[in-house]
Structures are given as structure tokens and as C-alpha cells.
Amino acid sequence: MGLSLEQKQAVVAEVSAQLAKAQAIIVAENRGLDVGAVTGLRAKARKSGLYLRVLKNTLARRAVKGTPFEKLSDQMSGPLMYGIAQDPVAGAKLFAEFAREHERFVIRGGAMPNTLMSEKDVKVLSSMPSREQLLATLVGTMQAPIATLVRTMNEVPGKFVRALAAVRDAKPQAAA
């Protein structure tokens, strides 16, 4: 039984709300996947903050119309699963990992704001470091000169104290 007009409008509104805060959409063909595999993918998607939805393509086209992801409309054909991600790398990693485990799950492409991505682009995106890894690298890079400066500044009084200790240790031997 199909959806009523109100239900269709609600689905389009829900997906549009997710698209408003999204940085990427990844599209994959999910033909022939068993329920257990899809349930596992949905659980992983919830943990990584990926909005996962299987939609009729006409509803998906209506949802992306007027958004920066409108170019994706041409790729919407066949049984598709849509992953709407706030972190593009996390979404691409999840889809690429699932596609490696399940040969029937085929990544068809995706989009970032005003940019269309092919399947190859999504795989390249999935090989990039995650946002957290990039931030950790940035913090480490920013911290290194400061830590070196602190160690250098600390070495001056340390040398002075070691010199005084050497003089102190040398005096009792000279007096004896």
C-alpha cells in the first residue's frame, strides 16, 4: 500500500530538514540485501551521525530540489539508499566499508554542496582522515613549537642550577 499525500509531504519535509544541515549525500544501490545486513548498517549509521533512508526516487528528487544537492537528481534511478551526512568523510567511510563487506551494496555516487561525486570520488573521500584525526594533527602541529619553546626556556635555569651544584660539590673537596 502506498503512502498518502500527507505522508509523502512529511517524508519530503523530514529529508529536506536533514539536507539543510548536511555536508554530503551518498547514494548506494541496495538491491538484494538481507534485512540483518541493512539493520546492522542502520545501527552503525546512527552511531556515526549518518541519516540513512531508503526513499522513492521521486520523493528524493523533490527533497533535493532547490538545495545545493540538486545536481544529484540525475543519479536517482533504481533501488537506492541515501546517506545524508554532516561529516562527509564519516559517511563515505561507512558506505565504503559496508560495500567491501557486502558485494550487493554498490555505491553509485554522491554530492557535496554544488558538487557531484562519482563512485570513485566517494571512495577517495572515504580514504581521507576523519575530522577528529585532522583536528588532532592540527593541535599537535600547533602545540609542537610552544612545547619546544617551554623546554628551551626551562633549560636555562636548569643549566644554572646544575652549574651551582657542581660548584658546591667541588668546594668541599678543595677544602679537605
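You'll find the structure just up there.
Residues numbered from 1 in each chain as written. Predicted model: local features only at pLDDT ≥ 70, side-chain atom pairs only at ≥ 80, totals over all residues. Heavy atoms only, no water.

K.L.:
With reference to specific residues and values, describe the side chain of Asn30.
P.N.:
Relative to the helices and strands, Asn30 is located in the loop between β1 (24-29) and α2 (35-48). When sequence neighbours within four positions are dropped, the list of residues in contact with Asn30 reads Val54, Pro79, Leu80, Met81 and Phe105. (Helix = DSSP H or I, 4+ residues; strand = E, 2+ residues; numbered from the N terminus. Contact = heavy atoms within 4.5 Å.)

K.L.:
Let's hear about the nonpolar core: which residues, and what values?
P.N.:
Ranked by internal contacts, the top residues of the largest apolar core, which has 23 residues, are Leu41, Leu50, Leu52, Phe95, Phe105 and Ile107. By residue number, the principal contributor to this core is helix α4 (residues 88-101), which donates seven residues. (Core = buried A, V, L, I, M, F, W, Y, C linked by side-chain atoms within 4.5 Å. Buried < 20%, exposed > 50% of the residue type's maximum accessible area, 1.4 Å probe, protein only.)

K.L.:
Summarise the sheet that holds strand β5 (residues 115-117); cite the residues concerned and give the values.
P.N.:
Across the sheet, which stays open at both edges, the five strands sit in the order β2-β3-β1-β4-β5 with antiparallel pairing between neighbours. One side of each edge strand has no neighbouring strand; the edge strands of this open sheet are β2 (50-54) and β5. Averaged over all adjacent pairs, the angle separating strand axes in this sheet is 20°, with direction ignored. Against the sheet, α2 engages β2 and β3 (80-85), with an angle of about 150° to β2. Contacts between helix α5 (residues 119-126) and the sheet are confined to β1, β4 (106-112) and β5, with β4 contributing the most and set at about 80° to the helix. (Pairing = 2+ DSSP bridges. Axes fitted to C-alpha atoms, helices over the stretch in contact; angles between N-to-C directions.)

K.L.:
Can you lay out the pairing of β1 for me, pointing to particular residues and giving the numbers?
P.N.:
Of all six residues in β1, six are buried; the element is thus mostly enclosed. Here β1 shows two buried faces, one formed by Ala24, Ile26 and Ala28 and the other by Ile25, Val27 and Glu29. Pairing of β1 with β3 involves six bridges; the strand directions are antiparallel. Directly across from Ile25, in β3, lies its bridge partner Ile84. Relative to β4, β1 runs antiparallel, the two being bridged by five bridges. Looking at β4, one finds that Ile26 is bridged to Gly110.

K.L.:
Can you lay out α2 for me, pointing to particular residues and giving the numbers?
P.N.:
With 14 residues, α2 should reach 20 Å at 1.5 Å per residue; the first-to-last C-alpha distance of 20 Å fits that figure. Turning to α2, its buried residues number three or more, namely Ala37, Val38, Leu41 and Ala45. When α2 is viewed along its axis, its buried side chains cluster within an angular range of 95° and face the same direction. Facing away from the buried side of α2 by more than 90 degrees, the exposed set consists of Val35, Gly36, Arg46 and Lys47. Where α2 is buried, its residues contact β2, β3 and α4. (Expected span 1.5 Å × (residues − 1). Arc of directions from axis to C-beta.)

K.L.:
So what's going on with the environment of Lys159? Which residues, and what values?
P.N.:
Position of Lys159 relative to the elements: it lies in helix α6 (residues 131-175). Residue Lys159 is classed as exposed on the basis of its relative accessible area, which comes to 54%. Between the C-alpha atoms of Lys159 and Ala37, which are 122 residues apart in sequence, the distance is 64 Å.

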